[in-house]
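As a plain string of letters, each chain reads:
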Amino acid sequence: MISDHRFIANFEKYRYLLVQLIKRDIQVKYRNSMLGIFWSFLEPLLTMIMFTIIFSYIFKRDIPNFPVYYLIGRVAFSLFQSGTTGAMKSIIGNSAILRSVYVPKYLFALATVGSAFVTFLLSLIILVAVMIVTNVQFTIYVIFASLPVLVLLLMTLGVGLILATVTVFFRDIEHLYGVFTMLLMYGSAVFYPATIIPAKWQFLLEINPFYAIISCMRTVLMNGTLYNTGELLYATVFAIVSLVIGMALFYKYQNKFLLHL
Amino acid sequence: MNGAGKSTLLKVISGVIKPTEGDVSIKGSIVPLLELGSGFDPEYTGRENIFLKGSLLGYSREYLELKYDEIVEFSELEEFIDVKLKNYSTGMSSRLAFSIATAVNPQIMILDEVLSVGDAKFREKSLDRMKTLLDQDVSVLFVSHTLQQVRDLCNKAIWLENGRVIMQGSVDEVCDSYERSVLLKEKIYVKSSDPRKNDAKVPVDKDIILTFNAPIKVGTNWVELLSANRTSVPLEKYVDGDKVIIKHPKLQHGMRYNLHLHTGCFEDMEGNKVNTHSTGFTTEFKD
């Protein structure tokens, strides 16, 4: 019976802990700020306004609905960035707990990805609001946006697990990864039109699975047509591979974590 | 002892670390009380921390809601339960932690010297609760340097040294042997107390009576112990009630001395140096 498996039983037992950890993670983020969780809406909204003002002059003709174009890239990027960065620090940050009581260790990584996802869902409210305000036509294809979101979630978890494991042994990753996420943001056409990339460098966008995801989301949400399934498939394969590697690495090395914390 | 392997053993048993060799087989649910305060969030209130810490121990929200009143009542923190934990005293948060961990009904409980939490009154209360749990067929794994607590609480004991089991068996048997071996290794000090309070005129070498488990203090001067027939006897041969003679060049007539057995420094689980006052005796020259 699958439900008798240790993993499933453990997950059942610690489900409430996962809820608690996600809650705490979100509370920590907005602790002592007056507006608290409203920053989940405000922050993307403010950066959207800022980028719109800056770029509507530069890219005016290239991007039809820049606010929505930007917001899609931005909320997806935030999910990936805060989820993976949080997961990376989750094991190190909870070393005191891990030293004193048995808890399935992956829960800490899962919880940070979970809290990033909750923030993501909240920021979708802003996205929908901006879509309505800017007269975007809602089509049936909107529901297909859930697929790239799911792929993004799996990819975030996979990359997060890899980072969580590796960072325990090599703390330098923590600093390096900040540079990498910045590179990723610049390399994924989050706030500029993909067409400005010269033809000979276009392949960089094509091999970027994160760009594939936001591109799919933009297609269904803004154009009202179905995305290129090959693009989604490429991102899916990447997400699953990273998840498998992440789980395998984590599972293999989790017993050694305590010696390095 | 320092590095004997007790904390490691407890961590292996509670599943925190995996053994490099061998297996652990456990029958029943375990509640480890290793580092009491860990898992608390200082920014959370006492109430929120009950649910956070409880969830770390693997309990569901429903179960914790059921036990909530009992936990608060035992911790005696009713008035402060909505205060953030960072404003609690160490004693208060230890009380809360102890109450959470023991409110549940585990089958096996692991205690690493945690009975020293809170004030004297709470210590007594927590000891009582431990005894109640023991009466309810809960197995308690108790680690301590305080032999008296071990004798009070346990019926079986394991003596560990350098990661090896030196002895295991009934608690009195093991504790007795341990006590003698400690005498062999430990250092003996004397410290002169305030001479103005001295009223006795005592010769320097005078028979004294060893009494164990009396309070000890840390002193600075070395002494030599001789048995009643003035021969040097290895320390482990002495037993309760033996007469011994103290020799030390600086001992003077007409002074009152305390004799201390100092068992040295140990490290607790956080690596802090702690003095243990486990074996020792205080005495003075008598007429």
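Position numbers for residues count from 1 along each chain, tracking the sequence in the order it is written. Chain letters and ligand numbers both follow the written order, the letters beginning at A and the numbers at 1. In keeping with the predicted nature of the model, local features appear solely for residues at pLDDT of at least 70, side-chain atom pairs appear and are counted solely at 80 or more, and the whole-chain, interface and lining totals rest on all residues. As a rule here, side-chain values cover all heavy atoms of the structure and leave hydrogens and water aside.

Asks: Before we go on, may I ask you to explain the overall build of chain B in this structure?
Replies: Helical segments are the DSSP runs of H or I of at least four residues, strand segments are the runs of E of at least two, and each set is numbered from the N terminus. Helix and strand counts for chain B come out as seven helices and 13 strands. Burial status follows relative accessibility: with a 1.4 Å probe on protein chains alone, a residue under 20% of its type maximum counts as buried, one over 50% as exposed, and anything between as partly exposed. In chain B, which comprises 287 residues, the proportion classed as buried is 48%. Note on areas: Shrake-Rupley, 1.4 Å probe, and residue coverage restricted to the protein chains presented here. Summing over all exposed atoms, chain B offers an accessible surface of approximately 15000 Å²; the carbon and sulfur share of this is 48%.

Asks: Where do I start with the overall build of chain A in this structure?
Replies: Looking only at helices and strands, one finds twelve helices and zero strands in chain A. Starting at the N terminus and walking to the C terminus, you meet the elements of chain A as α-α-α-α-α-α-α-α-α-α-α-α. Looking at chain A residue by residue over its 261 residues, the buried ones come to 48%. A contact between two residues is defined here by any heavy atoms of the two lying within 4.5 Å. Expressed as a percentage of contacts within chain A between residues at least 6 apart in sequence, the contacts between residues at least 24 apart total 77%. Surface accessibility of chain A: about 13300 Å² in total, with carbon and sulfur atoms responsible for 71%.

Asks: How should the interface of chain B and chain A be read in this particular structure?
Replies: Put simply, an interface is often sized by how much accessible area is lost when its parts join up. Listed per partner, the contact involves 24 residues of chain B and 21 residues of chain A. Joining two parts hides part of their accessible area as seen by a 1.4 Å probe, and the buried area is that hidden amount summed over both. On the chain B side of the contact with chain A, V16, Y44 and L56 of chain B bury the most area, a combined 27% of that side's loss. Within this document, salt bridges are pairs made up of a side-chain nitrogen of Lys or Arg and a carboxyl oxygen of Asp or Glu, the two lying within 4 Å of each other. Remark: the boundary between chain B and chain A carries one salt bridge. For D41 of chain B, the salt bridge identified is with R24 of chain A, shortest N-O distance 3.9 Å.

Asks: Would you mind showing me how to read the confidence of the model for chain A here?
Replies: Caution applies to low-pLDDT regions: their predicted coordinates should not be interpreted in detail. A residue's pLDDT is the confidence the predictor assigns to it, expressed on a 0 to 100 scale. Across chain A, the average pLDDT comes to 89, with 96% of residues at or above 70. Per-element mean pLDDT across chain A ranges from 76 in helix α1 (residues 6–13) of chain A up to 96 in helix α7 (residues 146–169) of chain A.

Asks: Just checking my understanding: could you explain the pairing of strand β2 (residues 108–112) of chain B for this structure?
Replies: Along any regular strand the residues' side chains alternate between the sheet's two faces. All names here are of chain B. For β2, a buried count of five out of five residues is recorded, marking the element as mostly surrounded by other parts of the structure. On β2, burial covers both faces: I108, I110 and D112 on one face and M109 and L111 on the other are all buried. Think of it this way: DSSP has to see at least two bridges between two strands before they count as a pair. Pairing between strand β1 (residues 30–33) and β2: four bridges, direction parallel. For V31, the partnering residue across the bridge sits in β2 and is M109. Direction of pairing for β2 relative to strand β3 (residues 139–143): parallel, over a ladder of five bridges. The residue of β3 that forms the bridge with I110 is L141.

Asks: Honestly, the pairing of strand β4 (residues 156–161) of chain B in this entry has me stumped. Any pointers?
Replies: Residues and elements named next belong to chain B. Looking at chain direction, β4 and strand β5 (residues 164–170) are connected through six bridges and run antiparallel. In the strand pairing of β5, I158 is matched with Q168. The turn linking β4 back onto β5 is made up of two residues, and N162 within it adopts a positive phi angle of 45 degrees.

Asks: Is there a simple way to think about the sheet that holds β3 of chain B in this case?
Replies: Sheet strands line up and pair through hydrogen bonds in the backbone, either parallel or antiparallel. All names here are of chain B. Reading across from one edge, β1-β2-β3 is the order of the three strands in this open sheet, with parallel pairing throughout. With one partner strand each, in any of the chains shown, β1 and β3 form the two edges of the open sheet. Sheet twist, expressed as the mean angle between neighbouring strand axes with direction ignored, is 10 degrees. To obtain an axis, a line is fitted to C-alpha atoms, over the contacting stretch when the element is a helix, and the angle between two such axes runs from 0 to 180 degrees between their N-to-C directions.

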